[in-house]
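This is what each chain is made of:
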Amino acid sequence: MKRITLSIAVASLFAVSCKNSQNAKQESIQKSVVKSNITDEQLMDKVQMDALKYFWDYAEPNSMLGRERYHEDNIYPDNDKHVVTTGGSGFGLATILVGVERGFVPRKEAVKRLTTMMDFLAKADRHKGAWSHWINGETGKTVPFGKKDNGGDLVETAFLTSGILMVREYFKNGNAEERALAQKCDELWKGIQWNWYTKGGEKVLYWHWSPEYQWEMNFPLEGYNECLITYILAASSPTYSIDAETYYKGWTRNGTYLSDKEKYGLPMYVKHNYAEEYGGPLFWAHYSYIGLDPTGLSDKLIKNYFDLNKNQVLIDYKYCVENPKQWKGYGPDYWGLTAGYSRNKDGSVGYDAHFPQNDHGVITPTAALSSFPYSPKESMDFLRFIYTQKPEFIGSAGPYDATSINYDNWTTPRYLAIDQGTIAPMIENYRTGFLWKLFMNAPEIQQGLKKLSFKSEKYNIK
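Residues numbered from 1 in each chain as written. Predicted model: local features only at pLDDT ≥ 70, side-chain atom pairs only at ≥ 80, totals over all residues. Heavy atoms only, no water.

In the annotation of an unreviewed UniProt entry, the entry for the protein chain reads Glycoamylase-like domain-containing protein, and the organism field reads Chryseobacterium limigenitum.

1. Points about the packing of aromatic side chains
Scanning the model with the defined rule gives 36 aromatic pairs in all. Ring pairs connect the aromatic residues Tyr224, Tyr231, Tyr247, Tyr248, Trp251, Tyr257, Tyr305 and Phe454, which therefore count as one cluster. For the cation-ring pair, arginine 113 lies above tryptophan 56, with the distance from its terminal atom to the ring centre recorded as 4.0 Å. (Phe/Tyr/Trp six-rings, centres within 6.5 Å; stacked < 30°, edge-to-face > 60°. Lys NZ or Arg CZ within 6 Å of the ring centre and 35° of its normal.)

2. Notes on the packing of helix α1 (residues 40-56) against helix α10 (residues 376-389)
Where α1 contacts α10, the two axes come as close as 11 Å, and the packing angle between them is 70 degrees. Taken together, the axes of α1 and α10 lie roughly perpendicular to each other. Contacts from Asp40, Leu43, Met44, Lys46, Val47 and Asp50 of α1 reach α10 at Met380, Leu383, Arg384 and Tyr387. Here the residues of the contact of α1 with α10 are counted per class, giving six nonpolar, no polar and four charged. (Axes fitted to C-alpha atoms, helices over the stretch in contact; angles between N-to-C directions. Helix = DSSP H or I, 4+ residues; strand = E, 2+ residues; numbered from the N terminus. Parallel < 35°, antiparallel > 145°, perpendicular 65-115°, else oblique. Contact = heavy atoms within 4.5 Å. Nonpolar A, V, L, I, M, F, W, Y, C, P; charged D, E, K, R; others polar.)

3. Examining the confidence of the model for the protein chain
Detail in the predicted coordinates should be disregarded across regions flagged by low pLDDT. Taken over all residues, the pLDDT of the protein chain has a mean of 93, while the share at 70 or more is 93%. Confidence over residues 1-31 falls short of pLDDT 50; this stretch has 60 contacts with residues more than four positions distant or in other chains. (pLDDT = per-residue confidence, 0-100.)

4. Points about the environment of glycine 191
Relative to the elements of secondary structure, glycine 191 occurs in the loop between α5 (176-190) and β8 (208-209). You can call glycine 191 partly exposed: its relative accessible area is 24%. Separated by 49 residues in sequence, glycine 191 and tyrosine 240 have C-alpha atoms that sit 8.2 Å apart. For glycine 191, the contacting residues outside a window of four places in its chain are Arg126, Lys128, Gly129 and Tyr240. (Buried < 20%, exposed > 50% of the residue type's maximum accessible area, 1.4 Å probe, protein only.)

5. Points about α5
In this model α5 runs 21 Å from its N-terminal to its C-terminal C-alpha over 15 residues, within 8% of the 21 Å that 1.5 Å per residue would give. Within the span of α5, buried status applies to Glu178, Leu181, Ala182, Cys185, Asp186, Leu188 and Trp189. Seen end-on, α5 carries its buried residues on one side only, within an arc spanning 165 degrees. Packed against the buried residues of α5 are α3 (107-123), α4 (154-171), α6 (228-236) and α14 (443-451). Regarding α5, its N-cap is asparagine 175, as a side-chain oxygen of that residue lies 3.1 Å from the backbone nitrogen of glutamate 177 further along. (Expected span 1.5 Å × (residues − 1). Arc of directions from axis to C-beta. Polar contact = N/O pair within 3.5 Å; in protein donor to acceptor, adjacent residues only side chain to side chain.)

6. Quick notes on the sheet that holds strand β4 (residues 83-85)
Within the open sheet, the three strands sit side by side as β4-β5-β6. Their pairing is antiparallel. Since the sheet does not close on itself, it has two edges, and those belong to β4 and β6 (142-143), each with one partner. Relative to β6, strand β5 (residues 134-136) is paired through two bridges, and the arrangement is antiparallel. The residue bridging isoleucine 135 from the neighbouring strand is threonine 142, located in β6. (Pairing = 2+ DSSP bridges.)

7. Quick word on the pairing of strand β11 (residues 339-343)
The element β11 is extensively covered by neighbouring structure, given that four of its five residues are classed as buried. Of the strand pairs in this sheet, β11 and strand β12 (residues 349-353) are connected by five bridges, and their pairing is antiparallel. For alanine 339, the partnering residue across the bridge sits in β12 and is alanine 353. From the end of β11 to the start of β12, which pair antiparallel, there are five residues, and glycine 347 there has a positive phi angle of about 95 degrees.

8. Topic: the nonpolar core
Formed by 137 residues in total, the largest nonpolar core has its most connected members in Leu292 and Tyr305. Residue contributions to this core peak at 11 residues, all from α4. In this structure, leucine 292 is in contact with Leu228, Ile229, Ile232, Leu297, Trp436, Phe439, Met440 and Leu449, ignoring residues within four places of it in sequence. Judged by nonpolar contacts, the second largest core, of nine residues, contains Tyr70, Ala397, Tyr400 and Ala417. (Core = buried A, V, L, I, M, F, W, Y, C linked by side-chain atoms within 4.5 Å.)

9. Structural notes on unusual backbone geometry
Residue glycine 223 is joined to tyrosine 224 through a cis peptide bond whose omega torsion reads 15 degrees. Mapped onto the secondary structure, tyrosine 224 falls in the loop between β8 and α6. The phi dihedral of methionine 64 is positive, around 65 degrees, even though this residue is not glycine. Structurally, methionine 64 is set in the loop between α1 and β3 (69-71). Using a relative accessible area of 17% as the deciding quantity, one classes methionine 64 as buried. With phi around 55 degrees, asparagine 460 is a residue other than glycine that occupies positive phi space.

10. Brief notes about the environment of aspartate 243
With respect to the helices and strands, the residue aspartate 243 is situated in the loop between α6 and α7 (244-251). As a C-alpha pair, aspartate 243 and glycine 448 span 205 residues in sequence and 9.3 Å in three-dimensional space. If sequence neighbours within four positions are ignored, aspartate 243 has contacts with Lys203, Lys451 and Leu452. A polar contact is formed between the side chain of aspartate 243 and the side chain of lysine 203, at a distance of 2.7 Å. At 2.7 Å, the side chain of aspartate 243 forms a polar contact with the side chain of threonine 246.

Below, the structure is given as structure tokens:
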């Protein structure tokens, strides 16, 4: 695989130092120490390029999709180095588009790689058109996420599909190879049977269906959490669409998901599932909005989705600054709680969904970095701090997934696709709106949003 080279105009600002691992078998890890006089624009370039490496340098070599996880120490306790993640790969598609648009990777090479990905997805196991959460990158076979979660995962499929549609839109008017790629994307999109996942016509979408266990997972998609994009895509499908009633009865719980609560003087607008006081993990403000532009976006119940997301992020930020649990390091330049790797009480590495009501002193860099559209100053303060003051938190693909100043600068040399994959896209949406424009201008998305009574002056959706 061709490696990304960072020898661009900003390279003079980076002094590279090597640090040998305590494990003699591990290759030395190069870490970039960034000078304090680096500009904001150069810093955003730097972190976008670093995050891109996850999906370019460290992609699963057969499918070229994003691995579920990448460990610098090459230690995989579950022997899952070959497992790719559906949703994270969708974020990876968006990340690669950012790389092409910014000139970080060659367009022609990206088209070749993206074509490999689409060919793999076309042959991989599908369950009524949906893909499973995990796929064996070598064989295309479903890898169970849990005992009964061995079939279609509609939410992960939605995150993937959002990326597929953006690839289609970006290349659909290109040369012959690019148009062929766009056609493959279109066919994959049209093959997803969204309405099947209403369990026979119920007015709600269900997360899982398994050919072996059928509907036994029994997980209806009800707001508010990260799943909004699933309903948007299901309503927009030209082949297997859902109606508006399914959205308003299912996702909004007949409108009962609205909230009149505030935190730090900021309205919540909706009841965050199991996190009504402060809001949920920050990925809820990221995953659905890689392509869906919340700016001035409204429906029958929510006046402005941007305000909803911005307030969730700022509540998280203000909580970390207030720091009621007195964790060392928390403050205006070190904040952000979301799901990812974590530190167990015994010091070992675990996984947790961090949010203010489940705060263990672990800061996940993607939380602040992927929030740039909503909190540009606060996110930039974090970005500058972590790159110029905490080089031990930076690895070969950008900031490590989990960090803690409180526990003596603890970190783990590991990355997750779903976390690393939102960084470059959301920063780019803040910088140029690039991915938002691609997704929001797709003809089916415009029609689907209108069907659900969404409005956006920005995209002439009335």
